[in-house]
Amino acid sequence: MKRLVGCIVYALVVVTILLAAHRLRAEPGTPAPEQKQQTPQNTQQVPKTASEQADAEHHATIPKYFTTRPPFSEGIFPCTTCHAGLKPDKTRRELYFHTEISLKHAAKQRWCLDCHDSENRDRLRLANGDHVTFEESYMLCGQCHGNVFREWKKGIHGKRTGLWNSDKPGDKVYLLCVNCHNPHSPQFKPIKPLPLPVRPNEITNIKGTSTVEIEGHKLYIPVYGK
Amino acid sequence: MEGIYMKRRDFLKTASVAVALGLEGIALPDRDAGASIWETFFQKHFREMTQAEKEEVVKKLETDYKKRFGKDIKVKANGPLPNVLYGYGLDLTRCVGCRRCVYACVTENNLSRNPQIQYISVLRFKSGEKWVDDLEDADKYYNPDVVPEPGHFYMPVQCQQCEKPACTKVCPTQATWKEPDGIVVVDYNWCIGCRYCMAACPYGARKFNWAQPTIPVEQINPQTHYLGNRFKHRGCVEKCTFCIQRVRENPGRYPACVEICPVGARKFGNLLDEKSEIRLLIETKRVFRLKEHLNTNPKFYYFFSL
């Protein structure tokens, strides 16, 4: 009797061990067919080419809602209103229409159509042949100024205004490269400084204040006199 | 601490009796002063006030301002935000010394136009000059036609909001202290104008109202804070508060100097937030703090982006 019970217990233990081993072996295998079923669905959603997928990944890193509209010259955009009927001339020459543009941005190495798309002037052209809109011009600038681009995304380069502790769209204004830098001549131009503070030895010479209007702001400046 | 305040109050009460007897002190209100002036004079320390007392004081200030300027002026007395420690970054490679920040600060913080009070001093240095230790030799009164001038660079200096502020330690009436969100503030009602804090501050950041401050009524910023840009009076010290009336809100605006900077040299954020721009720049840039050897631990970081 004891032997029979022993045999049954032994058999049970062996069966459980075998079952457990089978489950362990089967586990990594089981999800595989499901994954295979999912992959065709995924390929339908992602962009077709590898470069487009890379672009999409890149765009996901940009804090989209910060960007604002680029400062177009008045009455000039969309460019296609004039350019649609014009044949693109790729030769380097003196421009007879866009006279206000003088290229001071590595002018020796490039020309208009290196950045502007020759087929559709309402968009820009990257070095790899991809196209971006004017709202995404940071993609174009970031090709050469990679370190600045990286810092701009983090908020170290550039200017943020609005609400400091809110990331909701519209609460923060994060400027595009071209809102501060003229893309054809990106270096900052010198500006007039605001009036200097009163020197301590001149305090007794102040008669009163006068109003000076600078950039729409009224400033009260001391008037000196005996 | 309580004992010290009580002693001062007792002293003032005795002093007021002395005034009644005809021994008039300059610091005390006139004999025929209204009840509200006396109320202000015996006002509790801001940190000892209950919420109801704060609201009462704020309401009184608002009615006073309405009477004085004929304008609705909002006074807030809200406390610090949780898990926030304000930090500031200033990019010395970008600053062009245009002084836009100086005047944006004056307008935002209701600073006196005459006599002139400015929280920010923009210093000019010659390139290659020994500079960090000798701020006294810097030129604050440069006045060229255009900036930046070749061969020069600029460094704006304002309150560095030290973690170990020297100014608060020396105050005999504890009228100035560091708030939990890191901003060093002044209770103008408790300031007796001894200017010890101005002597203690290594950055020249504190300003004194030598005369009654004047502001044109149309230039008044009606959004004020009790510890920030409310109206100051003759004989009190004031200083930069990172625009406490703007930043101590959720959501709150950037300080006025950050918003005006035409070159984007000024950065502001929460030092406790790992993803804030101030944290990222401290981690990735060459930063320094002014007069670090004095162990004041400023939360104002100068950095170089190029």
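Structure shown above.
Values in this document were obtained by computation on a predicted structure and should not be read as measured data.

Rules used in this analysis
The residue numbers shown here count from 1 along each chain, following its written sequence. All chains are assigned letters beginning at A, and all ligands numbers beginning at 1, according to the order in which they are written. Totals for whole chains, interfaces and linings use every residue, but because this is a predicted model, local features are given only for residues with pLDDT of at least 70 and side-chain atom pairs only at 80 or more, for both listing and counting. For the side-chain quantities, the full set of heavy atoms in the structure was used; hydrogens and water were omitted. Between any two strands, pairing holds if DSSP finds at least two bridges. Secondary structure elements follow DSSP: runs of H or I of four or more residues count as helices, runs of E of two or more count as strands, with numbering from the N terminus. Only centres within 6.5 Å qualify two rings of Phe, Tyr or Trp (six-membered ring in Trp) as a pair; their planes then separate them into stacked at under 30 degrees, edge-to-face at over 60, and tilted for everything else. Any residue under 20% of the maximum accessible area for its type is buried, any over 50% is exposed, and the rest in between are partly exposed; the area is computed with a 1.4 Å probe on protein chains only. A ring has a charge above it when a Lys NZ or an Arg CZ is no more than 6 Å from the ring centre and no more than 35 degrees off the ring normal. In plain words, nonpolar cores are sets of buried Ala, Val, Leu, Ile, Met, Phe, Trp, Tyr and Cys residues tied together by side-chain atoms within 4.5 Å. Contacts: residue pairs with any heavy atoms within 4.5 Å of one another. Here a polar contact is recorded for every N or O atom pair within 3.5 Å, except that within protein the pair must consist of a potential hydrogen donor and a potential acceptor, and residues adjacent in sequence are included only if both atoms are side-chain atoms. The quantity reported as buried area is the accessible area (1.4 Å probe) lost by two parts once they are put together, taken as the sum for both. The salt bridge definition used is simple: a Lys or Arg side-chain nitrogen within 4 Å of an Asp or Glu carboxyl oxygen. All residues other than Ala, Val, Leu, Ile, Met, Phe, Trp, Tyr, Cys, Pro, Asp, Glu, Lys and Arg, Gly among them, are scored as polar; the first ten of these are nonpolar and the last four charged.

**Student:** I'm lost on the pairing of strand β5 (residues 206-214) of chain A in this one. Help?
**Tutor:** Regular strands have side chains that alternate between both faces of the sheet. Residue and element names in this part refer to chain A. Pairing of β5 with strand β6 (residues 217-224), which is carried by eight bridges, proceeds in the antiparallel orientation. Considered in β6, the bridge of Ser 210 is made with Ile 221. Between β5 and β6, which pair antiparallel in sequence order, lie two residues; one of them, Glu 215, sits at a positive phi of approximately 50°.

**Student:** Looking at this model, I keep getting lost on unusual backbone geometry. Mind explaining?
**Tutor:** Glycine aside, a negative phi is what most residues show, and trans is what most peptide bonds show. Of note, the bond from Asn 114 of chain B into Pro 115 of chain B is cis; its omega dihedral lies within 30 degrees of zero at 0°. With respect to the helices and strands, the residue Pro 115 of chain B is situated in the loop between α4 (100-108) and β3 (121-126). In this structure, Pro 148 of chain B follows Val 147 of chain B across a cis peptide bond, with omega equal to -5°. Considering the arrangement of structural elements, one finds Pro 148 of chain B in the loop between β3 and β4 (152-157). Phi is positive for Ala 106 of chain A, which is not a glycine, with a value near 50°. Tracing the chain through its elements places Ala 106 of chain A in the loop between α4 (80-83) and α5 (112-115). Of note, the phi angle at Asn 297 of chain B is positive, near 55°, even though the residue is not glycine. Along the polypeptide, Asn 297 of chain B turns up in the loop between β11 (286-288) and β12 (300-304).

**Student:** Help me understand the packing of aromatic side chains, please; the structure alone is not making it clear to me.
**Tutor:** Two aromatic rings, taken as a pair, are described by how far apart their centres are and by the angle between their planes. Tallying each qualifying case throughout the model produces 24 aromatic pairs over all chains. Centre to centre, the rings of Trp 152 of chain A and Tyr 174 of chain A are 5.1 Å apart; their planes meet at 25°, and the pair counts as stacked. Here Trp 152 of chain A, found in helix α7 (residues 146-154), pairs with Tyr 174 of chain A, found in strand β4 (residues 172-174); they are 22 residues apart in sequence, far enough to count as distant. Taken together, a centroid distance of 5.3 Å and an interplanar angle of 25° make the contact between Tyr 88 of chain B and Phe 242 of chain B stacked. In this pair, Tyr 88 of chain B is assigned in strand β2 (residues 86-91) and Phe 242 of chain B in the loop between β9 (237-238) and α7 (244-247), connecting sequence segments 154 residues apart. Exposure remark for Phe 242 of chain B: the relative accessible area of 2% places this residue in the buried category. Site record: aromatic cluster; members linked through ring pairs are Trp 164 of chain A together with Tyr 86, Tyr 88, Phe 242, Tyr 254, Phe 268, Phe 288, Phe 300, Tyr 302 and Phe 304 of chain B. The lysine or arginine in question, Arg 160 of chain A, covers the ring of Tyr 174 of chain A, its NZ or CZ lying 4.4 Å from the ring centre. Stacked on the ring of Tyr 142 of chain B, the Lys or Arg Arg 99 of chain B has its end atom at 4.1 Å from the ring centre.

**Student:** What is the right way to look at the nonpolar core in this model?
**Tutor:** One broad rule of soluble globular proteins: the nonpolar side chains tend to lie buried together. Within the largest apolar cluster, 72 residues are counted, with the highest numbers of intra-cluster contacts made by Tyr 86, Met 155, Tyr 226, Phe 268 and Tyr 302 of chain B. If near-sequence neighbours (up to four positions away) are discounted, Tyr 302 of chain B is found in contact with Leu 90, Leu 92, Met 155, Pro 156, Val 157, Gln 160, Arg 286, Val 287, Phe 288 and Leu 290 of chain B. By size, the runner-up hydrophobic cluster in this structure holds 13 residues, among which are Leu 124, Tyr 138, Trp 152 and Leu 176 of chain A.

**Student:** What's the story with the side chain of Asp 91 of chain B in this structure? I'm lost.
**Tutor:** Residue and element names in this part refer to chain B. Relative to the helices and strands, Asp 91 is located in strand β2. Among the polar contacts made by the side chain of Asp 91, one reaches the side chain of Ser 305 at a distance of 2.7 Å. Excluding anything up to four places from it in sequence, Asp 91 contacts Ala 265, Phe 303, Phe 304 and Ser 305.

**Student:** Would you explain the interface of chain A and chain B in this entry?
**Tutor:** One frequent convention defines the size of an interface as the accessible area lost when the parts assemble. Contacts between the two partners involve 37 residues from chain A and, on the opposite side, 50 residues from chain B. Of the roughly 3800 Å² buried between chain A and chain B on both sides combined, carbon and sulfur atoms contribute 58%. When the area that chain A buries against chain B is broken down by residue, the three leading residues are Ile 156, Trp 164 and Tyr 220 of chain A, summing to 21%. Linking Arg 160 of chain A and Glu 277 of chain B is a salt bridge whose minimum nitrogen-to-oxygen distance equals 3.0 Å. Sorting the residues of the side of chain A that touches chain B by element identifies α7, β3 (160-162), β5 and β6 of chain A as the ones contributing at least two each. Sort the elements by how many residues they give to the side of chain A that touches chain B and β6 of chain A lands first, with six residues. Residues belonging to the side of chain A that touches chain B are distributed by class as follows: 18 nonpolar, ten polar and nine charged.

**Student:** Before we go on, may I ask you to explain the pattern of salt bridges in this structure?
**Tutor:** Side-chain pairing between opposite charges can occur once the charged atoms of the two side chains come close. All names here are of chain B. For the coordinates displayed, the defined rule picks out 23 salt bridges over all chains. Of the charged contacts in the structure, one is a salt bridge between Arg 248 and Glu 179, with a shortest N-O distance of 2.6 Å. Linking Arg 248 in the loop between α7 and α8 (256-260) with Glu 179 in the loop between β5 (176-178) and β6 (184-186), this pair joins segments that are 69 residues apart in sequence. Like Arg 248, the residue Glu 179 is buried in the burial classification. The partner of Asp 181 in a salt bridge is Arg 248, and the shortest N-O contact between them spans 2.9 Å. You can see Asp 181 sitting in the loop between β5 and β6 and its partner Arg 248 sitting in the loop between α7 and α8, a full 67 residues away along the chain. A relative accessible area of 2% means that Arg 248 is categorised as buried.

**Student:** Looking at this structure, how should I read the environment of Lys 267 of chain B?
**Tutor:** Looking at the secondary structure, you find Lys 267 of chain B in strand β10 (residues 266-270). Distance in space between the C-alpha atoms of Lys 267 of chain B and Val 57 of chain B is 34 Å, their sequence separation being 210 residues. For Lys 267 of chain B, the contacting residues outside a window of four places in its chain are Gly 155, Ile 156, His 157, Gly 158 and Lys 159 of chain A together with Gly 87, Tyr 88, Gly 89, Leu 281 and Phe 303 of chain B. Reaching out from Lys 267 of chain B, the side chain makes a polar contact with the backbone oxygen of Gly 155 of chain A at a distance of 3.4 Å. Within the structure, the side chain of Lys 267 of chain B is placed 2.3 Å from the backbone oxygen of Gly 158 of chain A, a separation counted as a polar contact.

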